[in-house]
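Examination of the molecular architecture
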Amino acid sequence: MKILALETTGKYGSAAVIDDGRVYCAESSGEMNHLKEIIKITGEALEAAGITKKELTHIAASVGPGSFTGIRIGVTVARTMAQMLDLPCVAVSSLESMAENVKTAAMESGCETVAAVINARRHQTYAGAWSIKDGKLINLLDDRQYMIEEFLEQLAGNRVYFVGDGIDAYEEIIQAETGLEAYVMAEGKLRYQTAEAVAKLAAEAASEGNVVGYEELMPDYMRLSEAEQRLKEGTLSDKIKKLNRRG
Amino acid sequence: MKNGKFITLGIETSCDESAASIVADGRELLSNVISSQIDIHTQFGGVVPEIASRKHLENINMVIDKAIKDANCTVDDIDLIGVTYGPGLVGALLIGVAAAKAMAYACDIPLVGVNHMHGHVAANYLEHPELEPPFMGLVVSGGHTNIIFVEEYNTCRKLGGTRDDAAGEAFDKVARVIGLGYPGGPKVDKAAREGDKAAIDFKRVYLEKGSYDFSFSGLKTQALNYLNTEKQAGREINVNDVAASFQEAVVEVIVDKAIAAALEYDQKRIVMAGGVASNSRLRELICERAAEHNIEVLRPSPILCTDNGAMIASAAYYAYKNGERSGFDLDAVPGLEF
Ligand SMILES: Nc1ncnc2c1ncn2[C@@H]1O[C@H](COP(=O)(O)OP(=O)(O)OP(=O)(O)O)[C@@H](O)[C@H]1O
Ligand SMILES: [Mg+2]
């Protein structure tokens, strides 16, 4: 198995190739440079792995949650490469791959729970939590939208290792939460999404046959667009002028 | 190459159409697939960028696949990929750019980023096999109203543009105000046929003498004021008359300026492009007035007037022939100038 994995849902874009358990990763040079650099870093990851694109067996992408635009860049490139190279796709959750990435660090710092939190602004998050049992992640709180306070409440009594850019936004709220038994926050690059972890989860999924055709590789935005949300709530009319381009 | 012809795939996602097309030798249309999102956006009264971006992602691969199949081609036949990289909605543009780059990379095919507005002009190369620059161009679309002197393929000198709303935008806004809904242009066009174009005196805005710029934003205000006055006076409003009178005000100014530009630059052809070029009254009046000066008026058929991949393929072909190439670092540029 030789899998290309793309991760563009957060502020740092990366591409990785996993070949028989070994991962080769290339990172984008700056923040939010996804569209400009995605092909370049894809080429770099393949080169590091010493394989050509024709040798790939699967294309994987982090499908979200995260930046809507970022998600679309990675998923569109993955879909199109899979279409053109005639390969199956693997969808990976950005939250789960972040949790996977810090599993060892969490255990080493004495936490039995990993919480992945992505900032969705105004106290909102996309988040999920896992318990670590025998070195494996077991789902504890489902991946979905939470208010940060609500999410923390549900983690009461746990020793929690936090990962994700939700820390940047809600660090003070997390620190002020008294219900947690203990907490540690991922530092530096470990805090953010990386294709390396996406590649590892993709290899697991692919070996279990969890693959889809390129048409079925879909983003997981976890949220309707604002316009659709308002249509559902019946509050579209007062906002319509701001939402569409030619109001 | 197919049958000795150079094959270009054009990809377009700048607004609410996901489109792809195969064009041979820059001129011959082999397929033209357009997946319009108009039904989805209608319930919101206009294009919602986030929804457009989501739909482009879902549609684009199928659209590319169909374009290749409809042309009886395979990916191996494709010599060049052209893609719109601006102007347009950034989230929409980047779907096309990401797909085009991934395809160019996966299949080792050269890539050229295309200015959407050059694409609109190039729609005419598909329709009129003998047409070559130079000529006077009139681009009237949802986002643009430009008079441009097309000196060479993909080399355009902008003589004037709108200072506020574009012509199509004015149609869409006034249509909403008079309750015709979205998309406004075709609906106003139709209603106007039943109306009296002299019923209401909408202001013709010419700006400074000799200027090729436009200003249409006052028309919406004027329409609103008219409706209010009539309502207060308890008079029944004739929508057809409002549509016809408004349309005449837009069309007259556009035609006068386009003719003036052709005369000043000594051009015997005016080439129209963009969605508003489909307007029946604009066509009628510009042909009438151009004939008085022995000027020929050309325009693409309606399907090539609005956004499509074929016009992008044609523009890409001529850019490529001119030595242009885009790298894999091609980015979307929402505010790209002419
Ligand atoms: N018959 C018509 N009369 C007047 N306007 C029309 C007619 N048909 C279409 N339009 C207008 O044309 C516009 C759409 O044209 P087009 O698709 O070229 O624009 P766009 O691609 O949205 O804008 P741009 O190319 O400037 O980014 C809309 O504003 C629509 O109302
Ligand atoms: Mg257009």
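Residues numbered from 1 in each chain as written. Chains lettered and ligands numbered in written order. Predicted model: local features only at pLDDT ≥ 70, side-chain atom pairs only at ≥ 80, totals over all residues. Heavy atoms only, no water.

1. Some words on the domain arrangement of chain A
All names here are of chain A. Under the convention used in this document: Each domain's extent is set by a domain assignment, obtained either automatically or from a database. When two components associate, each loses some accessible surface as probed by a 1.4 Å sphere; the sum of these losses over both components is called the buried area. Salt bridge, as used here: a side-chain nitrogen of Lys or Arg that lies within 4 Å of a carboxyl oxygen of Asp or Glu. Polar contact is the term for a pair of N or O atoms within 3.5 Å; when the atoms are in protein, one must be able to donate a hydrogen and the other to accept it, and sequence-neighboring residues count only if both atoms are side-chain atoms. Counting from the N terminus, the helices are the DSSP runs of H or I reaching at least four residues and the strands are the DSSP runs of E reaching at least two.
When cut into domains, chain A gives domain 1 (2-94 + 193-227) and domain 2 (95-191). On a C-alpha basis, the centroid separation for the pair domain 1 and domain 2 is 23 Å. A buried area of about 1,500 Å², summed over both sides, lies between domain 1 and domain 2, and 53% of it is on carbon and sulfur atoms. Taken together, domain 1 and domain 2 are joined by two salt bridges. For the pair domain 1 and domain 2, the interface holds 10 residue pairs in polar contact (both at pLDDT 80 or more). In terms of residues, the side of domain 1 that touches domain 2 owes the most to one element, helix α6 (residues 195-207), which gives three residues.

2. Topic: the site of ligand 1
What counts here: If even one non-hydrogen atom of a residue comes within 4 Å of a molecule or strand, that residue is called near it. Polar here means any residue outside two lists: the nonpolar Ala, Val, Leu, Ile, Met, Phe, Trp, Tyr, Cys and Pro, and the charged Asp, Glu, Lys and Arg; Gly therefore counts as polar.
Lining the immediate surroundings of ligand 1 are 22 residues, of which B:Ser141, B:His144, B:Asp172, B:Gly275 and B:Asp307 lie closest. Nearby residues around ligand 1 are contributed by chains A and B. Between B:Asp172 and ligand 1, the recorded distance is 2.7 Å, taken from a side-chain N or O atom to an oxygen atom. In this structure, B:Gly185 approaches ligand 1 through a main-chain N or O atom, which is 2.9 Å from an oxygen atom. Breaking the shell around ligand 1 down by element, the ones donating at least two residues are α4 (116-127), α5 (167-177) and α6 (184-192) of chain B. Its residues placed into classes, the shell around ligand 1 shows four nonpolar, 13 polar and five charged. Taken domain by domain, the makeup of the shell around ligand 1 includes at least three residues from each of domain 1 (7-126 + 305-321) and domain 2 (133-300) of chain B.

3. Remarks on the pattern of salt bridges
Which entries qualify depends on this criterion: Only protein chains enter the accessibility calculation, which uses a 1.4 Å probe; a residue is then buried when its area is under 20% of its type maximum, exposed when over 50%, and partly exposed in between.
Scanning all chains against the criterion turns up 31 salt bridges over all chains. One salt bridge in this structure joins A:Lys103 and A:Glu100, with 3.1 Å as the shortest N-O distance. With a gap of three residues between them, A:Lys103 and A:Glu100 both fall in helix α3 (residues 94-108), about one helical turn apart. Taking relative accessible area as the criterion, A:Lys103 reaches 14% and is therefore assigned buried. The salt bridge involving B:Arg289 is made with B:Glu292; its shortest N-O contact spans 3.8 Å.

4. Some details on the interface of chain A and chain B
Heads up, the condition is: Any two residues whose heavy atoms approach within 4.5 Å at even a single point are treated as in contact.
The interface of chain A with chain B comprises 38 residues on the first partner and 43 residues on the second. Carbon and sulfur atoms supply 64% of the area buried between chain A and chain B, which totals about 3,600 Å² over both sides. Run the count over chain A and chain B and you get two salt bridges. B:Glu50 serves as the salt-bridge partner of A:Arg72, at 2.9 Å between the closest nitrogen and oxygen. Seen at the junction of chain A and chain B, the total is eight residue pairs in polar contact (both at pLDDT 80 or more). For the side of chain A that touches chain B, the leading source of residues is helix α2 (residues 68-85) of chain A, giving 13 residues.

5. Notes on the domain arrangement of chain B
All names here are of chain B. Per the domain assignment, the segments making up chain B are domain 1 (7-126 + 305-321) and domain 2 (133-300). Relative placement of domain 1 and domain 2: their C-alpha centres are 27 Å apart. Overall, the association of domain 1 and domain 2 removes approximately 1,700 Å² of surface from exposure, summing both partners, and the carbon and sulfur fraction of that is 66%. The largest contributions to the domain 1 side of the interface with domain 2 come from Val121, Asn124 and Cys305, which together make up 34% of the buried area. Here domain 1 is connected to domain 2 by zero salt bridges. For the interface between domain 1 and domain 2, the tally reads three residue pairs in polar contact (both at pLDDT 80 or more).

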